[in-house]
Amino acid sequence: MRDFDRPFFRNALRLAAMLMVSLAVALGTTSARAQEGKRVALVIGNNAYSKLPADKQLKNAINDARAMRDTLRGLSFEVLYSENADRAKLVDMLADLTARLSKNDTAFFFFAGHGVSFSGANYLLPTDIPLPRSSGQSEENRLADLAIAETDLVSRIAKSGARVS
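Described in the following lines is the structure provided in the data block.

Parameters and conventions
- Residues numbered from 1 in each chain as written.
- Predicted model: local features only at pLDDT ≥ 70, side-chain atom pairs only at ≥ 80, totals over all residues.
- Heavy atoms only, no water.
- Helix = DSSP H or I, 4+ residues; strand = E, 2+ residues; numbered from the N terminus.
- Buried < 20%, exposed > 50% of the residue type's maximum accessible area, 1.4 Å probe, protein only.
- Contact = heavy atoms within 4.5 Å.
- Areas by Shrake-Rupley, 256 points an atom, 1.4 Å probe, with all protein chains shown as cover.
- Phe/Tyr/Trp six-rings, centres within 6.5 Å; stacked < 30°, edge-to-face > 60°.
- Polar contact = N/O pair within 3.5 Å; in protein donor to acceptor, adjacent residues only side chain to side chain.
- Pairing = 2+ DSSP bridges.

Secondary structure assignment for the protein yields six helices and six strands. Helices and strands in the protein line up, N terminus first, as α-α-β-α-β-α-β-β-β-α-β-α. Within the protein, the proportion of its 165 residues that are buried is 44%. Of all intrachain contacts in the protein linking residues separated by at least 6 positions in sequence, the fraction that spans at least 24 positions is 74%. Within the structure as shown, the protein displays about 8500 Å² of accessible surface, and the carbon and sulfur contribution to it stands at 50%.

The structure is reproduced here in structure tokens:
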């Protein structure tokens, strides 16, 4: 398992930038805009992890999330926004996002915070994630159960039927 020293944050910013470019291209034509439905975004910034030591806290995730929120609002997105979201809040916010989406809508998700990657999967870490107790497969399984899997998030958005995500 990768430790918390390797935040998913840098990769999330790169991914967000690529998604923004893709989104701009997808929505840039007049015909695409004419048929477009709602634009709904979920933006989360996590700086403060309650069970992690001071040296594992983040300083800029919330600032990045606020900048993304404001940018998306400027692009006429309805933005669902949260700071320092624990697991329950992340699950609720994702449910709120997918409940708002339908066939011709555009969905956008941005997360700035800690994450980990192991066994070929990426996980977003809520602010109440506990410290690892050990290493190995059983600890990876425990962490996977407590985190939010990227594949689950993408699957839920895809099942909403949104035209662009």
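Each aromatic ring pair is specified by the distance between its two centres and by the angle formed by the two planes. All chains considered together, the criterion is met by two aromatic pairs. Aromatic pair F77 and F108: ring centres 6.3 Å apart, planes at 65°, arrangement edge-to-face. Of this pair, F77 sits in the loop between α3 (61–74) and β2 (78–83) while F108 sits in strand β3 (residues 106–112); the two residues are 31 residues apart in sequence, bridging distant segments of the chain. Taking relative accessible area as the criterion, F77 reaches 6% and is therefore assigned buried.

Moving on, we get to the side chain of N47. Structurally, the position occupied by N47 is in the loop between β1 (39–45) and α3. Overall, the relative accessible area of 14% leaves N47 in the buried class. Within polar-contact distance, the side chain of N47 engages the backbone nitrogen of A61 at 2.9 Å. Those residues within four positions of N47 in sequence are excluded, and the remaining contacts are Q57, L58, K59, N60, A61, I62 and N84.

This part takes up the sheet that holds strand β5 (residues 121–124). One open sheet accounts for three strands, arranged β4-β5-β6; its pairing is antiparallel. Of all the strands in the sheet, the pair left with one neighbour each is β4 (115–118) and β6 (148–149).

Below, the discussion takes up the environment of L52. In this fold, L52 is placed in the loop between β1 and α3. A relative accessible area of 8% means that L52 is categorised as buried.

Once that is clear, we can look at the environment of L124. Here L124 is to be found in strand β5. As a C-alpha pair, L124 and A144 span 20 residues in sequence and 9.4 Å in three-dimensional space.

Direction of pairing for β4 relative to β5: antiparallel, over a ladder of four bridges. Bridging from a neighbouring strand, G115 pairs with L124 of β5. Counted along the chain from β4 to the antiparallel partner β5, the turn is two residues long, and its residue S119 has a positive phi close to 50°.

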